[in-house]
Amino acid sequence: MTRKRKTRSNGVWFPRLRKAFALGAAGRRRILLSTLALTFAVATIGGAWWGISRLEAKVRDFVLRAQPEATFHFVDVPDQILGLAGNELHGAVEVLRSRPWTEADLCKTLATRLAGSGWIKKVNFVRRSGEGRIDVSAEYRVPVALVQQKDLFFLVDAEAVRLPGIYGREEHWKLVSGVGGDAPRAGEAWPEDDLKVALRLLALVDRETFENQITGVAVDNVRGRRDPRASHVELVTDRAAGRIRWGSSPGAEVEENRLEQKLAILRENFRRTGRADAGYPVIDVSTFPDRFTVPG
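Note on numbering: residues in each chain are counted from 1, in written sequence order. For a predicted model such as this one, the threshold for reporting local features is a pLDDT of at least 70, and the threshold for listing and counting side-chain atom pairs is 80 or more; totals across whole chains, interfaces and linings nevertheless cover every residue. The basis for every side-chain value is the complete set of non-hydrogen atoms in the structure, without hydrogens or water.

Visitor: Is there a simple way to think about the pattern of salt bridges in this case?
Guide: Put simply, a salt bridge is a Lys or Arg side-chain nitrogen that is within 4 Å of an Asp or Glu carboxyl oxygen. Counted by the stated rule, this structure contains 22 salt bridges. Here R245 makes a salt bridge to E234, at a shortest N to O gap of 3.7 Å. Of the two residues, R245 sits in strand β9 (residues 243–247) while E234 sits in strand β8 (residues 233–237), which places them 11 residues apart along the sequence. Partly exposed describes any residue whose relative accessible area lies between the buried limit of under 20% and the exposed limit of over 50%, with all areas from a 1.4 Å probe on protein chains only and scaled to the type maximum. Looking at E234, the relative accessible area reads 16%, which means it is buried. Several salt bridges share partner residues, and in doing so they unite K121, E139, R141, D157 and E159 into one network. Helix and strand assignments come from DSSP, with helices taken as H or I runs of at least 4 residues and strands as E runs of at least 2, each series counted from the N terminus.

Here it is as structure tokens:
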């Protein structure tokens, strides 16, 4: 006779279910209510979390839309470089204009970009000042002369640092000719000392009443490298082929007039004739302390 197998409903597989049914109707009702309450609580918490997330996203979008567009103000750009450096400075900020005004690293990023410009010697600060405005303060490099190398012209500042760009001959810039070596990259100092000699002499002349008659400095014979018997440095005047033979570099005079004596001769010429060169195409101020000579 075949023995009947026990079914899974004999209590081995469903002990809790049997216990629940053993509780009676009241017990089952309590369990059902507890289950429903737990389900409702989970659904409520999940719904609240989803709702808060959606609300945060909407608030964030609203805040971003409500933010004013960033505007950049260079508060202390010298007038001399507004037309020259404007495009480069504008380019530095243009790529950042689309970023949120409140972005944490916006000011730092802009300061880093500007510090790499050949027009800027030092970034003082980049900071937000309200209503989307970002103020930039910097120490700028101001051009003082053009340096000619063959058919190319480069602007330099008073420290012989090359400024960005390649230029044509412009009459309102003093011109330095005869500088040796290749032009450095923008933002780097010219390695040759002859440019520093020319810039020092131009700085001295710039203080004089006759400074507009001096158009440049020729340094192709500095230290007598071309002809040791000829003048090492010459001032170029606004006359055709006009030259003032200066002699040695300032501070390197040997058996010749000192710097102040040379300037005194030019001042006296200007006082008497209205011309630093006294009206001559070429004069020499290096020999006699009280007068110039006219080369024969």
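Visitor: Which parts of the structure should I look at to understand the packing of helix α2 (residues 82–94) against helix α3 (residues 106–115)?
Guide: Packed helix pairs are specified by the crossing angle of their axes together with the interaxial distance, meaning the distance between the axes. Here, axes are lines fitted to C-alpha atoms. For helices the fit covers the stretch in contact, and angles between N-to-C directions go from 0 to 180 degrees. Between α2 and α3, the shortest axis-to-axis distance is 9 Å and the interhelical angle comes to 150°. By the criterion of interaxial angle, the relationship of α2 to α3 is roughly antiparallel. At the point where α2 passes α3, the crossing takes the right-handed sense. Listed contacts from α3 to L89, G91, A92 and V93 of α2 are L110, R113 and L114. Its residues assigned to classes, the contact of α2 with α3 comprises five nonpolar, one polar and one charged. Convention used here: angles under 35 degrees read as roughly parallel, angles over 145 as roughly antiparallel, angles from 65 to 115 as roughly perpendicular, and any remaining angle as oblique. Each crossing gets its handedness from the near helix: less than a right angle anticlockwise from the far helix is left-handed, clockwise is right-handed. Residue contacts are counted whenever heavy atoms from the two residues lie within 4.5 Å of one another. Lys, Arg, Asp and Glu make up the charged group, whereas Ala, Val, Leu, Ile, Met, Phe, Trp, Tyr, Cys and Pro make up the nonpolar group; the residues left over, Gly among them, are polar.

Visitor: What exactly am I supposed to notice about the sheet that holds strand β7 (residues 214–218) here?
Guide: Two modes of strand pairing occur in sheets, parallel and antiparallel, and in both the strands are linked by backbone hydrogen bonds. Ordered in space as β5-β4-β6-β7-β8-β9-β10-β11, the eight strands form an open sheet in which the pairing is mixed. Edge strands, defined here as strands with exactly one partner in the open sheet, are β5 (152–157) and β11 (291–293). Sheet twist, expressed as the mean angle between neighbouring strand axes with direction ignored, is 30°. Any two strands with at least two DSSP bridges between them are considered paired. The pairing of strand β4 (residues 143–149) with β5 spans six bridges and is antiparallel. Pairing of P143 across the sheet is with D157, part of β5.

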